[in-house]
Amino acid sequence: GAVVSQHPSRVICKSGTSVKIECRSLDFQATTMFWYRQFPKQSLMLMATSNEGSKATYEQGVEKDKFLINHASLTLSTLTVTSAHPEDSSFYICSARHPTGGTTEAFFGQGTRLTVV
Amino acid sequence: GENVEQHPSTLSVQEGDSAVIKCTYSDSASNYFPWYKQELGKRPQLIIDIRSNVGEKKDQRIAVTLNKTAKHFSLHITETQPEDSAVYFCGTYNQGGKLIFGQGTELSVKP
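Keep in mind it's a predicted model, so treat the numbers as computed, not measured.

### Things to note about the environment of Arg-10 of chain A
Residue and element names in this part refer to chain A.
In step 1: Topologically, Arg-10 is positioned in strand β2 (residues 10–13).
In step 2: Take Arg-10: its relative accessible area is 66%, and that puts it in the exposed class.
In step 3: Separated by 11 residues in the primary sequence, Arg-10 and Ile-21 place their C-alpha atoms 9.8 Å from one another.

Shown next as structure tokens:
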């Protein structure tokens, strides 16, 4: 199947700093990518939709100035958590959809475990 | 917007027994229903999916059933094994093409 690669897998940062997470589609082009956040023992909550060449769209309650998304190419989307605080500690995971066998399957990156200290 | 309700939140079964997880969706226009398995700290993996033009789909020990009238779909795992232990999520796409997940079910298969 299609491959989505996310980097880094783990990051620890100090409060007030910014962290950038990369999401790449390795063997297909993705004009749209999605960013999710998952707290322990909870579901994956959609944060935003990343659109190549245009602005990202954010879900209700997600601060666009805090979670900056850039989708500069057909294979790369980045999520920057700005001025991170301990409550931003979470598992962040991206996905991209790719046509597979007559349907459009969502493929996920490995996820990034962010810890803000 | 689209809403997906998943039950139960936790499920414990003995090895060899069957496990059933149910989801209900709200948008009658939904036409694709995937199920994902997520192991601790890892990415969700698609295990089976179903389209709205069929009522059931089976892949070895895993099956999914869909009732469009009632707007619910279920995951069935037969002959459960310890390696089936994980969190399972149902999903569906809303009208904006975004994948929305249910709350998740933590399945524990006891040997």
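### Considerations on the pattern of salt bridges
Residue and element names in this part refer to chain B.
In step 1: Tallying each qualifying case throughout the model produces 8 salt bridges over all chains.
In step 2: Among the salt bridges present, the one from Lys-42 reaches Glu-39, with a minimum N-O distance of 4.0 Å.
In step 3: Judged by its relative accessible area of 49%, Lys-42 falls in the partly exposed class.
In step 4: Taking the shortest distance from any N to any O, the salt bridge between Asp-84 and Arg-61 comes out at 2.9 Å. Taken together, the positions of Asp-84 in the loop between β8 (72–77) and β9 (86–93) and Arg-61 in the loop between β6 (56–59) and β7 (62–67) put the pair 23 residues apart, joining distant regions of the chain.

### Side note on the side chain of Ser-30 of chain B
In step 1: Here Ser-30 of chain B lies in the loop between β3 (19–25) and β4 (32–38).
In step 2: Those residues in contact with Ser-30 of chain B that sit more than four places away from it in its chain are Glu-2, Tyr-25, Ser-52, Thr-92 and Tyr-93 of chain B.

### Observations concerning the sheet that holds strand β8 (residues 76–81) of chain A
Residues and elements named next belong to chain A.
In step 1: If you trace the 4 strands from one edge of the open sheet to the other, you get β1-β3-β8-β7, paired in antiparallel fashion. Each end of this open sheet is capped by a strand with a single partner; those strands are β1 (4–7) and β7 (67–73). Between one strand axis and the next, the sheet turns through 15 degrees on average, direction left out of account.
In step 2: Of the pairings in the sheet, the one linking β7 to β8 comprises 5 bridges and is antiparallel in character. Across the sheet, the residue bridging to Ser-73 is Leu-76, located in β8.

### Let's talk about the interface of chain A and chain B
In step 1: The interface is formed by 24 residues belonging to chain A together with 20 residues belonging to chain B.
In step 2: Both sides together, the interface formed by chain A and chain B hides about 1600 Å², and carbon and sulfur atoms give 50% of it.
In step 3: Across the chain A-chain B interface, the total number found is 2 salt bridges.
In step 4: Linking Glu-59 of chain A and Lys-98 of chain B is a salt bridge whose minimum nitrogen-to-oxygen distance equals 2.7 Å.
In step 5: Scanning the region where chain A abuts chain B turns up 8 residue pairs in polar contact (both at pLDDT 80 or more).
In step 6: Contributing elements (two or more residues each) for the side of chain A that touches chain B: β4 (32–38), β5 (45–51), β9 (90–100) and β10 (103–108) of chain A.
In step 7: The dominant element in the side of chain A that touches chain B, judged by the number of residues it contributes, is β10 of chain A, at 5 residues.
In step 8: Residues of the side of chain A that touches chain B, tallied by class, amount to 9 nonpolar, 10 polar and 5 charged.

### Remarks on the nonpolar core
In step 1: With 37 residues, the main nonpolar core has Tyr-36 and Phe-108 of chain A together with Trp-35 of chain B as its most contacted residues.
In step 2: The biggest single contributor to this core is β9 of chain B, with 5 residues.
In step 3: Leaving out residues up to four positions away in the same chain, Phe-108 of chain A has contacts with Val-4, Tyr-36, Leu-44, Ile-93, Cys-94 and Ser-95 of chain A together with Tyr-36, Arg-43, Pro-44, Leu-99 and Phe-101 of chain B.
In step 4: By size, the runner-up hydrophobic cluster in this structure holds 26 residues, among which are Ile-21, Ala-30, Val-81 and Val-116 of chain A.

### Focus: the state of the cysteines
In step 1: A full pass over the atoms with the stated rule returns 2 disulfides over all chains.
In step 2: Note that Cys-23 of chain A is cross-linked by a disulfide to Cys-94 of chain A, the S-S spacing being 2.0 Å. The sign of the S-S torsion, about 85 degrees, decides the handedness of the disulfide formed by Cys-23 of chain A and Cys-94 of chain A: right-handed. With Cys-23 of chain A in strand β3 (residues 19–25) and Cys-94 of chain A in strand β9, this pair connects stretches of sequence that are 71 residues apart.
In step 3: Owing to a relative accessible area of 0%, Cys-23 of chain A belongs among the buried residues under this scheme.
In step 4: Residue Cys-94 of chain A is classed as buried on the basis of its relative accessible area of 0%.
In step 5: Cys-23 of chain B shares a disulfide with Cys-90 of chain B; S-S distance 1.9 Å. Judged by the sign of its S-S torsion, about -95 degrees, the cystine formed by Cys-23 of chain B and Cys-90 of chain B is left-handed. Placement of Cys-23 of chain B in strand β3 and of Cys-90 of chain B in strand β9 is noted, with a sequence separation of 67 residues between them. In this structure, Cys-23 of chain B and Cys-90 of chain B share a single accessibility class: buried.

Rules used throughout
Residues numbered from 1 in each chain as written. Chains lettered and ligands numbered in written order. Predicted model: local features only at pLDDT ≥ 70, side-chain atom pairs only at ≥ 80, totals over all residues. Heavy atoms only, no water. Helix = DSSP H or I, 4+ residues; strand = E, 2+ residues; numbered from the N terminus. Buried < 20%, exposed > 50% of the residue type's maximum accessible area, 1.4 Å probe, protein only. Salt bridge = Lys/Arg side-chain N within 4 Å of Asp/Glu carboxyl O. Contact = heavy atoms within 4.5 Å. Pairing = 2+ DSSP bridges. Axes fitted to C-alpha atoms, helices over the stretch in contact; angles between N-to-C directions. Buried area = accessible area lost by both parts, 1.4 Å probe. Polar contact = N/O pair within 3.5 Å; in protein donor to acceptor, adjacent residues only side chain to side chain. Nonpolar A, V, L, I, M, F, W, Y, C, P; charged D, E, K, R; others polar. Core = buried A, V, L, I, M, F, W, Y, C linked by side-chain atoms within 4.5 Å. Disulfide = S-S within 2.5 Å.

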